[in-house]
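Next come the chains, spelled out residue by residue.
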Amino acid sequence: MKGTRNITLLVIAGLVLILFVWGCNVRNGLASGETDIKGKWGQVQTQYNRKAKLYENVVNTIKGAARNEDTTLIKIVQMRSKIPTITEGSTPQQVAEADRQLNAVGRSALNINIEAYPTLQATGLYRDLQAQIEGTENRVTVALNDWNTAVTNFNQRIVRFPGSMIASMFNYKQKENY
């Protein structure tokens, strides 16, 4: 009787240990996923800030090329004031709105009577900035895709059984995609 009781206790202790190790593994996976999402979001913010700076450089280049044209300068100053900022606490909705604003500013900046300013077209800096903006748009797209993938993977871990039990015990919530 005593030997059977010891074996039963060992089996129960083994099962408890297996469940504990499994729970720790799931919990660590969720924590890693959340950290990955934060890192990917940092990349998104970095690329948006780069984009905003490039647009500001375009505005400054146009400003320099169109120095004597008052109406153009007024438009440029108005565009510059519309360049949005991305902060550490920006939500996906705020970043999406900032992107829409940046795109509007960029289209305006790139279309301000370029034909009337041949020196602007010939400015190497202006052409370089156009190429950098295109590259930055690609970087933003890649960063957003990486972030969305990380969020999707994390959300799948949270809603799938048995990870959902561990997620609810440690108060992990689904993240919002862009």
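Turning to the nonpolar core, a few remarks are in order. Residues L30 and V44 are the most contacted members of the largest nonpolar core, which totals 18 residues. Beyond its immediate stretch of four places on either side in the chain, L30 contacts F154, R157, I158, G163, I166, A167 and Y172.

Moving on: the packing of aromatic side chains. In total, this model carries two aromatic pairs according to the counting rule given. When the centroid spacing of 4.6 Å and the interplanar angle of 50° are considered together, the rings of W41 and W147 count as tilted. Linking W41 in helix α1 (residues 2-65) with W147 in helix α5 (residues 124-159), this pair joins segments that are 106 residues apart in sequence. Ring centres of F154 and Y172 lie 6.1 Å apart, and the angle between their planes is 70°; this geometry places the pair in the edge-to-face category. Of this pair, F154 sits in helix α5 while Y172 is found in the segment after α6 (163-169), placing the two residues 18 residues apart along the sequence. An identical accessibility class is assigned to F154 and Y172; each is buried.

Definitions and cut-offs
- Residues numbered from 1 in each chain as written.
- Predicted model: local features only at pLDDT ≥ 70, side-chain atom pairs only at ≥ 80, totals over all residues.
- Heavy atoms only, no water.
- Core = buried A, V, L, I, M, F, W, Y, C linked by side-chain atoms within 4.5 Å.
- Buried < 20%, exposed > 50% of the residue type's maximum accessible area, 1.4 Å probe, protein only.
- Contact = heavy atoms within 4.5 Å.
- Phe/Tyr/Trp six-rings, centres within 6.5 Å; stacked < 30°, edge-to-face > 60°.
- Helix = DSSP H or I, 4+ residues; strand = E, 2+ residues; numbered from the N terminus.

These results come straight from atomic positions and should not be treated as a statement about function.
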